[in-house]
Amino acid sequence: MAVSGKLFIGARQVATANSFQAFDPTSGDPLQPDFSAAGLDEVDQACELAWSAFHEYRDLDPEIRARFLETIADEIMALGDELPARGHAESGLPIARLTGERARTVGQLRLFASELREGGWLGIRIDPALPDREPLPRPDLRLRKVALGPVAVFGASNFPLAFSVAGGDTAAALAAGCPVIVKGHSAHPGTSDLVAQAIVAAVRKCQLPEGVFSLLNGNAHALGGALVGDARIKAVGFTGSRRGGLALMKIASERPEPIPVYAEMSSINPVLLLPHALAAKAEALGSAFVSSLTLGVGQFCTNPGLLIALDGKDLERFIDSARTALGEVQPAVMLTVGIHSAYEKGVAELLDHPKVERLARGPEGHGKHCGRGALFGVKAEDLLQHPEVMDEVFGASSVVVRCADEEQLVDVLEQLEGQLTATLHLVEEDHAMAARLIPILERKAGRLIANGWPTGVEVSHAMVHGGPFPATSDGRSTSVGTLSIERFLRPICYQDFPDALLPKVLKDDAPPRPRRLDGMYRVD
Ligand code: NAP
């Protein structure tokens, strides 16, 4: 299938007068073809189609939506090798990584299909009437969750497949019954174009209203702003920079009808090396840390950007091991020229910082726009005076915090902003210290990890990929796993409704689904 260079407004492929280009990050050279850029007219048309599709789509039998998600997965696989090849050309990510990411993308879609069939997402609660209750009777109360409305999804630069056009946000919103309009990331418009063709084919095969999906490409912030500001959009999913996320949150909150923005923004994912674990396996931890730090050239939101430990000879052993390992990791090209220059700027600021020591650098790269690993050190008392040292540097850069004692380590934890993850390396002798730290970490992060590394996020039912601000805009949510569907649903209660007017899933003779009946959980 050829990259069209067009916008996808429902079933139509649309060309506009304004265009932009994709670039090969390895050379900085433009790629073919040129891409149409959406303007205000196209936002209006896509929103109109999405709004009119919403009324039919939200009420469809969940089985139809499940088959739709599975058909999208099939159509994505049918794109064949062309999809990872285009993703590679636009992002510099290796083909093997993109092939794995495609598997994750279709896996997410199929997981949401099974979630739709299981039915727990409907959140059904039934409190039968108690007409004889004293002093007042209780009415019949029945609750289910319903779709919010059309959702704007912003594709992420660092996951051209799994967090872009048919990624986690789109899968969750479509599963919930919300039409989706994707603002494609300007770094990989051709990849977005191919995936959009797969989704449009699935819409047609499943005979769904065309407005269920649109893709608006473009590289002007005004496009995303107009989409979030449109009254027909009822929620937003975003992964990217803190600045971008905050800008969209502001637009959403200043609308006549404010809407939720689920933005995943900034996280440095602290890793704590507790003393006995550090003494027992400093060298192994040092090399494993570098593998996590440099995975994907460090371009993961779960990248371990801060290590915290008690200062001393065991920490030096860890640093020596990390230095050796980092020296062996050849730098690779970063996702975009802009992301590479932001990384270089962040590393330069740490190199120039009077309180920061340079511990190690990866080797120089041979090509352009390569992200060379960087490891820094800072004393805890200096970090507490200079919190800017904890600002996210997106890429393979990390800071080791040297704490004089446990009290100082606790002070550092208290200074942390909200995080996606926090990791503890520990052995049994560290459990008492860990028990003191875990309640602090529970306030700070969405996922706590023991003896592992934060990179690598399982897509499952119990996963939380979220956390307090600025990790996300709403720490009550996750953007990975089946729980992420909750972001695009709201509860509605039907009081004393005649059975004939109740939604199918709440009627007396509805097929059994997981529910809470008079307060008790039931599955049969
Ligand atoms: P970004 O600049 O935040 O852009 C993400 C998306 O939001 C793009 O579609 C962008 O549109 C749009 N956008 C950004 N600012 C906007 C605004 N003020 N109004 C309307 N739309 C706006 O993120 P990025 O391009 O992926 O990377 C830049 C930096 O983000 C990185 O260097 C890194 O620091 C951070 N980042 C973090 C994560 C993470 O997971 N924590 C992931 C990726 C990136 P355009 O296409 O028009 O720019």
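Residues numbered from 1 in each chain as written. Predicted model: local features only at pLDDT ≥ 70, side-chain atom pairs only at ≥ 80, totals over all residues. Heavy atoms only, no water.

K.L.:
Before we move on, can you summarise the overall build of the protein with the specific residues and values?
P.N.:
For the protein, the helix and strand inventory stands at 14 helices and 23 strands. Taken over the C-alpha trace, the protein has a radius of gyration of 25 Å; the compact-globule value for 524 residues is 24 Å, and the two agree within 12%. When its C-alpha atoms are laid out on the principal axes, the protein stretches across 75 × 65 × 40 Å. For the protein, restricting intrachain contacts to residue pairs at least 6 apart in sequence, the fraction spanning at least 24 positions comes to 77%. Mean positive and mean negative side-chain charge positions of the protein (51 and 66 charges, respectively) differ by 3 Å. (Helix = DSSP H or I, 4+ residues; strand = E, 2+ residues; numbered from the N terminus. Rg over C-alpha atoms; globule rule 2.2 N^0.38 Å. Contact = heavy atoms within 4.5 Å. Lys, Arg positive; Asp, Glu negative; His and termini not counted. Charge placed at Lys NZ, Arg CZ, Asp CG, Glu CD.)

K.L.:
Provide a residue-level description of the sheet that holds strand β7 (residues 151–154), including the pertinent values.
P.N.:
Spatially, the seven strands line up as an open sheet ordered β2-β1-β9-β8-β7-β10-β11, and their pairing is mixed. Lying at the two open borders of the sheet, with one neighbouring strand each, are β2 (12–14) and β11 (261–264). Neighbour-to-neighbour, the strand axes of this sheet turn through a mean angle of 20°, independent of strand direction. Pairing geometry for β7 and strand β10 (residues 235–239), over three bridges, is parallel. Looking at β10, one finds that V153 is bridged to G237. Of the strands in this sheet, β1 (7–9) and β9 (213–216) touch helix α6 (residues 189–205), which is tilted by about 160° from β9. Helix-sheet contacts for helix α8 (residues 242–253) involve β7, β10 and β11, and the interaxial angle to β11 is about 170°. (Pairing = 2+ DSSP bridges. Axes fitted to C-alpha atoms, helices over the stretch in contact; angles between N-to-C directions.)

K.L.:
Requested: an account of the pairing of strand β17 (residues 374–379), with residues and values cited.
P.N.:
Every regular strand shows the same layout, with side chains that alternate between the two sheet faces. In terms of residue burial, β17 counts as a mostly covered element, since five of its six residues are buried. In this structure, strand β15 (residues 357–361) lies alongside β17, joined through four bridges in antiparallel fashion. Note on β17: the bridge partner recorded for A360 is L375. Bridge analysis of β17 against strand β18 (residues 397–403) gives six bridges, and the strand direction is parallel. Across the sheet, residue G377 finds its bridge partner in β18, namely V400. (Buried < 20%, exposed > 50% of the residue type's maximum accessible area, 1.4 Å probe, protein only.)

K.L.:
Describe the site of the ligand, naming the residues involved and giving the relevant values.
P.N.:
Around the ligand, 23 residues are found, and the nearest of them are S157, S186, S241, M265 and C301. Within the contact set of the ligand, an oxygen atom lies 2.8 Å away from a side-chain nitrogen or oxygen of H185. At a separation of 2.5 Å, an oxygen atom of the ligand approaches a polar side-chain atom of S241. Summarising the interface, the protein chains cover 85% of the accessible area of the ligand, which totals 860 Å² for the free molecule. Of all the elements, α8 adds the most residues to the shell around the ligand, at three residues. When its residues are assigned to classes, the shell around the ligand shows nine nonpolar, 11 polar and three charged. (Near = heavy atom within 4 Å. Polar contact = N/O pair within 3.5 Å; in protein donor to acceptor, adjacent residues only side chain to side chain. Areas by Shrake-Rupley, 256 points an atom, 1.4 Å probe, with all protein chains shown as cover. Nonpolar A, V, L, I, M, F, W, Y, C, P; charged D, E, K, R; others polar.)

K.L.:
Let's hear about helix α5 (residues 168–176): which residues, and what values?
P.N.:
Taken across its nine residues, α5 has nine buried, putting it largely inside the fold. Restricting attention to buried positions, one finds in α5 the residues G168, D169, T170, A171, A172, A173, L174, A175 and A176. Of the residues trailing α5, G177 is marked for its positive phi of about 105°.

K.L.:
I'd love a proper account of the nonpolar core, names of residues and values included.
P.N.:
One recurring pattern in soluble globular proteins: nonpolar side chains tend to sit buried together. If you look at the biggest cluster of nonpolar residues, it comprises 128 residues, and the most contacted ones within it are F68, I72 and F318. Leave out the neighbours within four places in its chain, and I72 touches L109, A166, L174, I199 and A202. Among the nonpolar cores identified, the runner-up in size contains 24 residues, and I9, L248, V261 and M265 belong to it. (Core = buried A, V, L, I, M, F, W, Y, C linked by side-chain atoms within 4.5 Å.)

K.L.:
Can you tell me about the side chain of T421, naming the residues and giving the values?
P.N.:
Within the fold, T421 resides in strand β19 (residues 419–425). Among the polar contacts made by the side chain of T421, one reaches the side chain of N269 at a distance of 2.8 Å.

K.L.:
Quick one: what's the story with helix α10 (residues 313–327), residue by residue and with numbers?
P.N.:
Within an α-helix, residues lying three or four positions from one another point in the same direction, as the helix has 3.6 residues per turn. When the terminal C-alpha atoms of α10 are compared, their 21 Å separation across 15 residues agrees well with the 21 Å that a helix rising 1.5 Å per residue should span. Among all positions in α10, only D314, L315, F318, I319, S321, A322, A325 and L326 are buried. Buried positions in α10, seen along its axis, are confined to an arc of 165° and lie on one side of it. The inward-facing, buried residues of α10 abut β12 (270–273), α9 (275–294), β13 (306–310), β15, β17 and β18. (Expected span 1.5 Å × (residues − 1). Arc of directions from axis to C-beta.)

K.L.:
I'd love a proper account of the pattern of salt bridges, names of residues and values included.
P.N.:
Going through the model one piece at a time under the given rule, you end up with 33 salt bridges. The closest approach of N and O atoms between E283 and R317, which form a salt bridge, is 2.8 Å. With E283 in helix α9 and R317 in helix α10, the pair connects residues that are 34 residues apart, well separated along the chain. Under the relative-accessibility criterion, E283 is labelled partly exposed at 38%. R317 sits in the partly exposed class, given a relative accessible area of 25%. Of the charged contacts, one joins R476 and D474 as a salt bridge, the two residues approaching to 2.9 Å between their closest N and O atoms. Given the relative accessible area of 13%, D474 is considered buried. (Salt bridge = Lys/Arg side-chain N within 4 Å of Asp/Glu carboxyl O.)

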